[in-house]
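# Descriptive analysis of the structure
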Amino acid sequence: MIDHTTLITYVLIVLGFVFIPGPATLLTMARAASSGTKVGIATGAGIATGDLVHTGMAIVGLSAIIATSALLFSIVKYAGAAFLIYLGIRAMLDKAPIELNGSAPMISAGRAFREAVLAEVLNPKTALFFLAFLPQFVQPESGSTALQLAILGMVFVLLGLVSTVVFAVGAGRLGQLLRRHPAVVRWQGKVVGTIYCAVGVRLALQER
């Protein structure tokens with residue numbers, strides 16, 4: 001098992017990572033602000049599920065394959081970027097009605113969850129992050145490497161989920177207030193779509 005000192009150090013470092021706004025946080029906040037806290041939390045849960053997949057990939061070695069294959073990395077990267085841009089364009093064009101009191105979400109929590117899972121799984125930078133970061137805290141003399149990676153991955157996922165829930169609740173409440181104004185309702189789809197497209201373009205331009 002992982003010794004307490006290493007685990008505490010790991011938790012402190014991860015807390016710094018997950019509470020610094022990044023692409024996952026932006027996507028969660030955009031969903032929460034436009035469609036409500038429940039949808040934002042579902043988005044965060046989807047991202048956490050995607051991170052669980054990346055943890056499994058790191059354990060079985062798939063992340064290493066992505067890291068060493070330029071072609072595979074590019075395929076996953078551009079697929080993820082295309083999916084995010086698709087979500088962004090769809091959000092811009094979506095004409096679904098929204099009540100001004102903010103009670104009717106634009107999308108369901110289930111759809112938000114599925115889209116977040118796919119977006120996170122198709123992010124090769126996350127795969128490389130898990131591959132490079134988790135092993136730094138593995139101690140071969142402490143037992144099974146796979147078990148230690150699994151524990152570290154689960155801790156990362158749980159802390160990441162806590163952070164996205166916090167951001168989702170805050171953005172959801174703010175969005176509920178803003179959606180009472182007709183001008184905000186008319187423009188929120190374009191704003192959310194722009195965020196998704198920007199994250200997609202950023203992913204497409206990233207190198208290994």
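Here's what I pulled together on the structure shown here. None of these values were measured; they are calculated from a predicted model.

## Some remarks on the pattern of salt bridges
Scanning all chains against the criterion turns up three salt bridges. Two residues, Arg-31 and Glu-115, come together in a salt bridge whose shortest N-O distance is 2.4 Å. Taken together, the residues Arg-31 in helix 2 (residues 23-35) and Glu-115 in helix 6 (residues 109-121) connect sequence positions 84 residues apart. Note on accessibility: Arg-31 and Glu-115 belong to one class, buried. Between Arg-111 and Glu-115 there is a salt bridge, with the nearest N and O atoms lying 3.2 Å from each other. Note that Arg-111 and Glu-115 are positioned in helix 6 at a spacing of four residues, about one turn of the helix. Taking relative accessible area as the criterion, Arg-111 reaches 25% and is therefore assigned partly exposed. A cluster of three or more residues bridged by salt bridges with shared partners is formed by Arg-31, Arg-90, Arg-111 and Glu-115.

## Concerning the environment of Thr-43
Relative to the assigned elements, Thr-43 resides in helix 3 (residues 37-60). Residue Thr-43 is classed as buried on the basis of its relative accessible area of 2%. Along the chain, Thr-43 and Thr-25 lie 18 residues apart, while their C-alpha atoms are 9.6 Å from each other. Excluding its chain neighbours within four sequence positions, the residues that come into contact with Thr-43 are Leu-27, Thr-28, Arg-31, Ala-112 and Ala-116.

## Description of a nonpolar patch on the surface
Judged by side-chain polarity, Ile-59, Val-60, Leu-62, Ile-65, Leu-71, Leu-72 and Ile-75 come together as a nonpolar surface patch covering roughly 620 Å² of accessible area. For the nonpolar patch, the secondary-structure elements that each account for two or more residues are helix 3, helix 4 (62-68) and helix 5 (70-93). Of all the elements, helix 5 adds the most residues to the nonpolar patch, at three residues.

Reading the values: the criteria
- Residues numbered from 1 in each chain as written.
- Predicted model: local features only at pLDDT ≥ 70, side-chain atom pairs only at ≥ 80, totals over all residues.
- Heavy atoms only, no water.
- Salt bridge = Lys/Arg side-chain N within 4 Å of Asp/Glu carboxyl O.
- Helix = DSSP H or I, 4+ residues; strand = E, 2+ residues; numbered from the N terminus.
- Buried < 20%, exposed > 50% of the residue type's maximum accessible area, 1.4 Å probe, protein only.
- Contact = heavy atoms within 4.5 Å.
- Patch = residues over 30% accessible without salt bridge, like charges linked within 9 Å, V, L, I, M, F, W, Y side chains within 5 Å.
- Areas by Shrake-Rupley, 256 points an atom, 1.4 Å probe, with all protein chains shown as cover.

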